[in-house]
Amino acid sequence: MTQANTAEPFLNRWRISVRGVVQGVGFRPFVYRQATELGLSGWVGNSPEGVEIEAEGAPLLLERLISALRHQAPANARVDDIRAVPVVRSGAFRAFSIRESQTRGETAVQLPADWAPCPHCLQELKDPDNRRYRYPFINCTDCGPRFSLMEALPYDRANTAMRHFQMCRRCLAEYQDPASRRFHAEATACPDCGPRLSFCGPDGDVVTQDEAALAEAVEALSAGKILALKGLGGYQLLVDARNARAVQTLRVRKQRPDKPLAVMFGSLEALQRIRRVSSAERQLLTGQERPIVLLRMRSHGLADNLAPRLSELGVMLPSTPLHELLLGELGFPVVATSGNRNGEPIAYDNEDARARLGDIADGFLIHDRPIVRPLDDSVARVTAGHLQLLRRARGYSPNLALPFRASPGWGAAGGHLKTTVALSTDSGVVLSPHLGDMDSALGRDGFDRTVDSLQTLFATRPQCWAHDRHPDYFTTGRALAFGSTHCAVQHHVAHVAAVIAEHGLNEPVLGVAWDGSGFGDDDTLWGGEFLRLDSRGYQRLAHMRPFRLPGGEAAMREPRRSAIGLLHALKGEGLIEWESLPPVSDFARAERRLLVQALKAGVNAPQTSSVGRLFDAVAALAGICQKASYEGQAAAELEASIDREGTPQRYRFGLSAPDTDCPWQVDWEPAIEGVLADIARGASVSDIATAFHAGLVDLIIRVAKQFQLSHIVLGGGCFQNSYLLDSAIRNLQDEGFRVFWSCQVPINDGGLALGQLAWAARLNQKGEATCAWPYRDA
Amino acid sequence: MAHGGGGRATARLLDSLFRPAFDNPWLERQHDGAVLDMAGAMAFTTDSYVVRPLFFPGSDIGAMAVHGTVNDLAMCGAEPQYLSAGFILEEGLPLTTLRQVIDSMASAARKAGVRIVTGDLKVVERGKADGLYINTAGVGRIVAADPVEPGQVRSGDRVLLSGDIGRHGIAVMAAREKLDLESAIESDCASIASPVLALLHEGIAVRCLRDLTRGGLASGLVEVAETAGLAARIQEADIPVREDVSAVCELLGLDPLHVANEGRFMAVVAPEDVDRALAILRCHRVSKAAVEIGRFQEGRAGQVTAESLIGGTRIVDRLSGEQLPRIC
Ligand SMILES: [Fe+3]
Ligand SMILES: [Mg+2]
Ligand SMILES: [Zn+2]
Ligand SMILES: [Zn+2]
């Protein structure tokens, strides 16, 4: 680039506003360098909305600056919008400078997320001559903690947890040097001035610090001990992933008997010794967001209790310099699971972690950089070649780029499990990180704290709140306590609406919403729904034939109950004698009799059309899982039994037209009869699992053909089943349908908040206070 | 029973059934209403009883109609004194059934020390009143020196439970739905006035009383905590539930904390009074198994946390109507 043309007689001054991911990514230094090279004068600064520039020079050079902003932005930046307006000159600029941040104005939704160490920092970490050699908190504008330590906007050191650390002379010099990678790196630190590592015993007393602390942790893990480690967004519990006994101890202490545990490998090479990864998987694994990636694998040679009876293992690579150092020393992979007791949110405060994890961990590897906003590890997989997030948190939150606009001033409270919260602001929709389940006091406190702090951060206080129809969800109660206008969005409508919002669909869609259960418009439990959604409203086109769930919520924990419910619908009292069936013999005879009476009388035996419960029933009948210790266990174990190379036998579901105006009904009876016949002839579990999955996919195709909508949406927790999702997508596409599913947002209840918000805010765009929309139902 | 207006048949019924059964001077006077001599603060309450079936193990609709209103008065810190009874009968209800109910009411009233001083009876068409409905209202003299209500509860106050829970709800449900239970579970339906009055007479600092009827212990705790603006914490292991009750609950997916009782209450007392209060309660048959189960404390208003045996905790919510699964 050449120097500015000094002969140019007419200097222009432009005010340029840049929107997108432009803070905490080295954007201002980039602008500074570009402007200086072009010989422009003026300034650049952060504002709550993004980056503001005032630049003066020849129009041609100003154009060049804008083109550079658009095409040469730093790797981690994302420029969504550039707006330039001429402004009146008032006094001359002497040079180009970087300005301190502005505090007024509306807030942009794109904030820097928390990222794994960049290649430069990793290089420095390993360079004995570098002053940050082996410093566990090394970072720069391209990497490190950001959202997790943000107290307020704009994103300046004074508004982050780093305000507790006074920069040393050398760090300050880098921070102020526009040529440095650490120019305005708000979390920058070094061994002289930054956070320190400590190792503590289970009682929380500091034993050693710095390198010695790391060594202590290495020793503990090598000896099969459980280590609580303070990561980027919260505490993790680590244990040697090769040591089944140590893993078992963790399971017992965490009260998590079966739920799969994620494994962290020291490097991609270490992981590839166990399983070859595809390029899409590698991209996900090594990306700066550093999620847990679910990989299908037959065997891994590690402890056999990492993901009992499942075909997928969650793996990740180091997400902080601290993890890099630790894994580098260890030389073996470790289990890395959220630092919490089962069902509770992740611990992130040192005191709190000591209290809550003291009974679980044998030692703590901690530091003194506070975490302001807790973030779980994100969970992702590759579906049909695309990223699919199953849990959206560290690395991704709070940014969400949506091709859809919701009217601002809305909040959505989400579901009861895997809860997230959504807010609509003037500049877009914000989705909170994964908040976990609302069954614990800590989970509920976290919900309220998050609602509060997101509203403060984004300077919005929604008066309209969308929520689930279920009267007893904690989040329903909170939504009704917030704001003045409320809109109940049916659970499965929200599942479908979330996908519509994510992909910005305007066409009518056939939504296939399959999950465990959600409260339906007829006050029964839905979960096997085919819904039409269009701009006017929604309609329940078809649903699974309902059956009773003996014991209500107890049936969510015991797949055998779903089987009993189905058998009762098929055989009545006759089921009592059917002792060859595992779910029947799993109950004592007297219990069976009482259950049948309760089913007959409808005592705590709600009707459900849930496909999730159908999965439970088939898994129980196949003898796989009678009682579950985590949500979706039976379905996951059934999926793992699929023979992917096997013959494509499939069970058939009935599909019958309504007499009058009611929805079509899908009958599971022929499919269940098929399962029973196969059991009777001694078919293998894998035959049954395969035929059941294939039958469901076939059903989706048949229903799609029946209703002839070109756009098909797949949503709900059942589609976490990657076999079901993959084959449904493939088969629908083969038939010429356009298929959509959640990618950026969890397809499970973690996506409900977005769907609620999208649906409620869209329907209320005209400012109507009510949210009635046309639908018909039997 | 024949359907009719306020005619002679009704008068005959009152003469032949009620007056002798409830036997007291007010009824003998055959006036339009009872003239009562009352002074000072009074409590006044009413409730209607529509339980199905009319008779169930351990009790019946008649005794329930007396105990329910007597207990509501006691929960206000009052000594129950006078009751009214209104009956709505379905045409065709066997006279013997009515007589049984009336006798049960009379005996319940006698034991509770209250007089049924006025009443009413209507007969409606066949198919209309599901056999028999009863409404009772009651008045009682306030004996508590300080107000006894949720607003009085302070952080640190203790929760006492008068006995095992869940029997009434299960007994009625089993009878109504014709469930064959392995062991007979009888309703706990009873008057709880005497232990309550004893607490008050002995000067126990009773902050609040709550009978644990519909919605069970869970609703009682949540509602008191909500009004008091406090949280509550209970130890699940300390809550007495009979083994057969908990087995049925587990199989049917019911939470004993949500099951209705008709002779159980919780008393919230100052921490220093716990031992004395328990000693007093245990002197009375209906509360001989009284225990301390937890406390109120600062926290989210209305949030009740139960500590389980194995050290975990769960939140006890008040649920709307049926226990609808929330797990997706
Ligand atoms: Fe769902
Ligand atoms: Mg009452
Ligand atoms: Zn870096
Ligand atoms: Zn420094």
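Residues numbered from 1 in each chain as written. Chains lettered and ligands numbered in written order. Predicted model: local features only at pLDDT ≥ 70, side-chain atom pairs only at ≥ 80, totals over all residues.

As annotated in an unreviewed UniProt entry, chain A carries the name Carbamoyltransferase HypF and comes from Marinobacter koreensis. UniProt annotates chain A under Pathway (unreviewed entry) with the comment "Protein modification; [NiFe] hydrogenase maturation." Per UniProt, chain A carries the Sequence similarities (unreviewed entry) text "Belongs to the carbamoyltransferase HypF family." (UniProt positions renumbered as here; feature names shortened; annotations may be inferred.)

**Q** Talk me through the overall build of chain A; I want residue IDs and the actual numbers.
**A** Broken down by element type, chain A carries 23 helices and 30 strands. What you see for chain A is a C-alpha radius of gyration of 28 Å, in line with the 28 Å of a compact globule of 778 residues. With the C-alpha coordinates of chain A rotated into their principal frame, the extents come out at 95 × 65 × 50 Å. Sorting the 778 residues of chain A into buried and exposed places 56% on the buried side. Summarising the internal contacts of chain A: among those between residues at least 6 apart in sequence, 70% fall at separations of at least 24. (Helix = DSSP H or I, 4+ residues; strand = E, 2+ residues; numbered from the N terminus. Rg over C-alpha atoms; globule rule 2.2 N^0.38 Å. Buried ≥ 20, exposed ≤ 12 C-beta atoms within 10 Å, placed from the backbone. Contact = placed C-beta atoms within 7 Å.)

**Q** Before we move on, could you go through the overall build of chain B and cite the residues and values that matter?
**A** Helix and strand counts for chain B come out as nine helices and 13 strands. For chain B, the C-alpha radius of gyration of 21 Å lies close to 20 Å, the compact-globule estimate for 328 residues. Here the C-alpha coordinates of chain B stretch approximately 65 × 50 × 30 Å along the principal axes. Looking at the 328 residues of chain B, the share that counts as buried comes to 49%. Pairs at least 24 residues apart make up 85% of the contacts formed inside chain B by residues separated by at least 6 positions.

**Q** Go over the UniProt feature "active site" (unreviewed entry) in chain A with me, naming the residues and quoting the values.
**A** All names here are of chain A. Feature annotation in UniProt assigns "active site" (unreviewed entry) to the following positions: Arg28 and Asn46. Taking the farthest pair of C-alpha atoms as the criterion, the annotated set spanning 19 residues converges on one region, since that pair is 7.7 Å apart. For arginine 28, the position within the fold is in helix α1 (residues 27-38). Those residues in contact with arginine 28 that lie beyond four places of it in its chain are Val44, Asn46, Val51, Ile98 and His184. By secondary structure assignment, the location of asparagine 46 is in strand β2 (residues 41-47).

**Q** For helix α22 (residues 722-734) of chain A, give the residues involved together with the corresponding values.
**A** Residues and elements named next belong to chain A. Here α22 spans 18 Å end to end across 13 residues, near enough to the 18 Å set by a 1.5 Å rise per residue. Taken as a whole, α22 has its buried residues at Ser722, Tyr723, Leu724, Leu725, Ser727, Ala728, Ile729 and Leu732. Residues of α22 that are buried in the fold lie against β15 (379-383), α19 (633-640), α21 (685-707), β29 (711-715) and β30 (738-741). At the exit of α22 stands glycine 736, carrying a positive phi of roughly 95°. (Expected span 1.5 Å × (residues − 1).)

**Q** An account of the pairing of strand β11 (residues 291-297) of chain B is needed here, citing residue identities and associated values.
**A** Successive residues of a regular strand alternate their side chains across the two faces of the sheet. Pairing of strand β7 (residues 158-161) of chain B with β11 of chain B, which is carried by four bridges, proceeds in the antiparallel orientation. Across the sheet, the residue bridging to leucine 161 of chain B is valine 291 of chain B, located in β11 of chain B. (Pairing = 2+ DSSP bridges.)

**Q** Could you give an account of the domain arrangement of chain B, with specific residues and numbers?
**A** Residue and element names in this part refer to chain B. Each assigned domain of chain B is listed with its residue range as follows: domain 1 (8-142) and domain 2 (150-316). Between the C-alpha centres of domain 1 and domain 2 the distance comes to 27 Å. When contributions to the side of domain 1 that touches domain 2 are tallied by element, the ones reaching two or more residues are α3 (61-75), β4 (78-90) and α4 (95-112). Tallied by class, the residues present in the side of domain 1 that touches domain 2 amount to eleven nonpolar, six polar and four charged. (Domains from an automatic or database assignment. Nonpolar A, V, L, I, M, F, W, Y, C, P; charged D, E, K, R; others polar.)

**Q** Explain the packing of helix α18 (residues 611-621) of chain A against α19 of chain A to me, and be specific about the residues and the numbers.
**A** Residues and elements named next belong to chain A. It is at 8 Å that the axes of α18 and α19 come closest, and there the two elements cross at 60°. When the interaxial angle is binned, α18 and α19 end up oblique. As α18 runs across α19, the sense of the crossing is left-handed. Of the residues in α19, those touching α18 at Gly612, Phe615, Asp616, Val618, Ala619 and Ala620 are Ala634, Ala635, Glu637 and Leu638. Looking at the contact of α18 with α19, its residues break down into seven nonpolar, one polar and two charged. (Axes fitted to C-alpha atoms, helices over the stretch in contact; angles between N-to-C directions. Parallel < 35°, antiparallel > 145°, perpendicular 65-115°, else oblique. Left-handed = near helix turned anticlockwise from the far one by under 90°.)

**Q** If you had to explain the environment of glutamate 125 of chain B to someone new, which residues and values would you point to?
**A** Residue and element names in this part refer to chain B. Relative to the helices and strands, glutamate 125 resides in the loop between β5 (115-124) and β6 (132-142). The exposure class of glutamate 125 is exposed, given the 10 C-beta atoms found within 10 Å. Taking the C-alpha atoms as reference points, glutamate 125 and leucine 160, separated by 35 residues in sequence, lie 46 Å from one another.

**Q** Describe in detail the packing of helix α15 (residues 559-571) of chain A against α18 of chain A, supporting the description with residues and values.
**A** Any two packed helices are characterised by how steeply their axes cross, that is the angle between the axes, and by the distance between the axes. All names here are of chain A. Closest axis-to-axis distance for the α15/α18 pair is 7 Å, and the angle between their directions is 95°. The pairing of α15 with α18 is recorded here as roughly perpendicular in orientation. Residues Pro559, Arg560, Ser562, Ala563 and Leu566 of α15 touch α18, and the partners they reach there are Arg613, Asp616, Ala617, Ala619, Ala620 and Leu621. Its residues assigned to classes, the contact of α15 with α18 comprises seven nonpolar, one polar and three charged.

**Q** Describe the domain arrangement of chain A, naming the residues involved and giving the relevant values.
**A** Interfaces are often described in size by the accessible area the parts lose on coming together. On domain assignment, one finds that chain A holds domain 1 (12-98), domain 2 (197-367), domain 3 (400-489 + 751-763) and domain 4 (525-534 + 541-742). Each of domain 1 of chain A and domain 2 of chain A was reduced to a C-alpha centroid, and the two centroids are 43 Å apart.

**Q** Any details on helix α13 (residues 491-503) of chain A? Residues and values, ideally.
**A** Residue and element names in this part refer to chain A. Compared with the 18 Å implied by 1.5 Å per residue over 13 residues, the 19 Å span of α13 between its first and last C-alpha is a close match. Counting buried positions along α13 yields 13 of 13 residues, so the element is predominantly enclosed. Just downstream of α13, glycine 504 is the residue with a positive phi angle, here 60°.

**Q** Any details on the interface of chain B and chain A? Residues and values, ideally.
**A** Contact with chain B, which involves 26 residues of that partner, is made by 38 residues of chain A. Listing elements by their share of the side of chain B that touches chain A, those giving two or more residues are α5 (167-177), α8 (243-252) and β13 (313-316) of chain B.

**Q** Go over the sheet that holds β5 of chain B with me, naming the residues and quoting the values.
**A** Backbone hydrogen bonds hold the strands of a sheet together, and the pairing may be parallel or antiparallel. All names here are of chain B. The four strands lie next to each other as β1-β6-β4-β5, forming an open sheet whose pairing is mixed. The sheet is open, and its two edges are formed by β1 (42-49) and β5, each paired on a single side. Averaged over all pairs of adjacent strands, the angle between strand axes in this sheet comes to 15°, irrespective of strand direction. The pairing of β4 with β6 spans eleven bridges and is antiparallel. Looking across to β6, one finds that glutamate 79 is bridged to arginine 141. Sitting on the sheet, α4 is in contact with β4, β5 and β6, with an inclination near 175° to β4.

**Q** An account of the nonpolar core is requested, with residue identities and associated values reported.
**A** With 321 residues, the main nonpolar core has Val263, Val335, Val618 and Leu757 of chain A together with Met105 of chain B as its most contacted residues. Broken down by element, the residue count for this core peaks at ten residues, all from α21 of chain A. Apart from residues no more than four positions distant in its own chain, leucine 757 of chain A is found in contact with Ala406, Trp410, Ala412, Ala422, Ser424, Val429 and Ala466 of chain A. Listed in part, the 26 residues of the second largest apolar core include Leu38, Val51, Ile53 and Leu69 of chain A. (Core = buried A, V, L, I, M, F, W, Y, C linked by C-beta atoms within 7 Å.)

**Q** So, the environment of serine 742 of chain A: which residues are in play, and what are the values?
**A** Following the sequence through the fold, serine 742 of chain A ends up in the loop between β30 and α23 (752-763). Taking the C-alpha atoms as reference, serine 742 of chain A lies 33 Å from glutamate 673 of chain A; in sequence the two are 69 residues apart.

**Q** Describe the confidence of the model for chain B, naming the residues involved and giving the relevant values.
**A** Looking at chain B as a whole, the pLDDT averages 92, with 95% of positions reaching at least 70. For this predicted complex, the interface score ipTM comes out at 0.92, while the overall pTM is 0.90. (pLDDT = per-residue confidence, 0-100.)

**Q** Give me the lowdown on unusual backbone geometry, citing residues and values where you can.
**A** Cis geometry is found at the peptide bond from leucine 153 of chain A to proline 154 of chain A, where omega equals 0°. For proline 154 of chain A, the position within the fold is in the loop between α3 (119-125) and α4 (169-176). Cis rather than trans, the peptide bond between arginine 52 of chain B and proline 53 of chain B has omega equal to -10°. As for its position among the elements, proline 53 of chain B is in the loop between β1 and β2 (55-56). Here lysine 418 of chain A, not a glycine, exhibits a phi torsion of approximately 50°, which is positive. If you check the backbone angles, glutamine 708 of chain A has positive phi at about 55° while not being a glycine. In this structure, glutamine 708 of chain A sits in the loop between α21 and β29. According to the C-beta neighbour criterion, glutamine 708 of chain A is exposed, with 8 such atoms within 10 Å.

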